[in-house]
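Overview (structure and organization)
If you want the building blocks of each chain, they are given just below.
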Amino acid sequence: MYSQTNDRQVMNYKLYDSPPSGNCYKVRLLLTQLEIPFDRINVNILQGATRVPEFLQKNPAGKVPVLEIQPDVYLSESGAILAYLAEGTEYFPRDNRLLQTRVLQWLFFEQYSLSPNLSRPRFFISVAKQQDKFAHLIDHWRNLGYQALDVMEQHLEKYAFFVNDSYTIADIALYSYTHVASEGGYDMSKYPAIQAWCDRVKSQPKYIGIKE
Ligand SMILES: N[C@@H](CCC(=O)N[C@@H](CS)C(=O)NCC(=O)O)C(=O)O
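The structure presented is a predicted model; accordingly, all values stated were derived computationally and were not measured.

In this section: the site of the ligand. Lining the immediate environment of the ligand, one finds 14 residues, of which S21, N23, I45, K63 and S78 sit closest. Along the lines of polarity and charge, the residues of the shell around the ligand split into 3 nonpolar, 8 polar and 3 charged.

Structure below.
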């Protein structure tokens, strides 16, 4: 049963995690920036460890990240986890419905238009090493991914960050796959505003890299 009272007094959060996953990295980055201690449990997605009954009880969608916030209380979907953790902090605008909705707008954009098109080429090229077999699909995803990157570039030509000119969970979500897009064969040299924004994200307090 879920209790609203401070869940961090009950136990350390447990993050069911996969090191190369950008979706998991988002959660590790925010937990670290918020200085929230957590235990990391590696789930081997290449060996199907998210598809076994024990894991499917935690997340029926069979995907990491999953954050256990109280014994047997599991959160999934990286954007939802970010919003849960950032509530009431500087990373999610407070008491401002419009700005909160702008953050959600970018989180939904990231999930539909950006990350599938960046993460799949990265997976098949850099992790599974099956570039030739999936060349046609990779081209298709890359065309869509460039469209999403164009939208981000246009925004960042005018603003330092995605919402309210300050660093929020929208930046964390968009950054996770963008900063490793070249591993999926993306040419990022045509995106100077995105590159400058990546440097701003890297310079945030308590930043950690995806390999940490
Ligand atoms: N929309 C989900 C996507 C999660 C996702 O795709 N996770 C991948 C790793 S990045 C996974 O667990 N794949 C294993 C599988 O599908 O079996 C989120 O943002 O958390």
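So that's the structure; there's more coming.
Let us look at the packing of helix α3 (residues 78-86) against helix α6 (residues 169-178). Relative orientation of the contacting elements α3 and α6 amounts to 150°, with a least axis distance of 10 Å. Compared by their axis directions, α3 and α6 come out roughly antiparallel. In terms of crossing hand, the pair formed by α3 and α6 is right-handed. Side by side, α3 and α6 meet where S78, G79, L82, A83 and A86 of the first sit next to I169, I172 and A173 of the second. Residues belonging to the contact of α3 with α6 are distributed by class as follows: 6 nonpolar, 2 polar and no charged.

A few words now on the domain arrangement of the protein. Structurally, the protein comprises domain 1 (7-86) and domain 2 (97-202). The C-alpha centroid of domain 2 is placed 22 Å from the C-alpha centroid of domain 1. Only α1 (22-33) and α3 provide two or more residues apiece to the side of domain 1 that touches domain 2. The biggest single contributor to the side of domain 1 that touches domain 2 is α1, with 6 residues.

Here we take up the nonpolar core. In terms of nonpolar packing, the biggest core is built from 42 residues, with L30, I169 and A170 touching the most fellow members. When residues of this core are traced back to their parent elements, those giving at least two are β1 (13-17), α1, β3 (66-70), α3, α4 (97-127), α5 (135-156), α6 and α7 (192-202). Broken down by element, the residue count for this core peaks at 7 residues, all from α6. Split by domain, this core shows at least three residues from each of two domains, domain 1 (7-86) and domain 2 (97-202). Every residue in contact with A170, bar those within four places of it in the chain, is listed here: V103, W106, L107, F162 and V163.

Our next topic: the pairing of β3. Here β1 runs beside β3; their pairing, made up of 3 bridges, is antiparallel. Counted as the bridge partner of Y16 is V66 from β3. Pairing between β3 and strand β4 (residues 73-76): 4 bridges, direction antiparallel. Within the sheet, the bridge partner assigned to E68 lies in β4 and is Y74. Hairpin geometry of β3 and β4 is characterised by an intervening segment of 2 residues between the two adjacent antiparallel strands and by a positive phi of about 65° at D72.

Conventions adopted
- Residues numbered from 1 in each chain as written.
- Predicted model: local features only at pLDDT ≥ 70, side-chain atom pairs only at ≥ 80, totals over all residues.
- Near = placed C-beta within 6 Å.
- Nonpolar A, V, L, I, M, F, W, Y, C, P; charged D, E, K, R; others polar.
- Axes fitted to C-alpha atoms, helices over the stretch in contact; angles between N-to-C directions.
- Helix = DSSP H or I, 4+ residues; strand = E, 2+ residues; numbered from the N terminus.
- Parallel < 35°, antiparallel > 145°, perpendicular 65-115°, else oblique.
- Left-handed = near helix turned anticlockwise from the far one by under 90°.
- Contact = placed C-beta atoms within 7 Å.
- Domains from an automatic or database assignment.
- Core = buried A, V, L, I, M, F, W, Y, C linked by C-beta atoms within 7 Å.
- Buried ≥ 20, exposed ≤ 12 C-beta atoms within 10 Å, placed from the backbone.
- Pairing = 2+ DSSP bridges.

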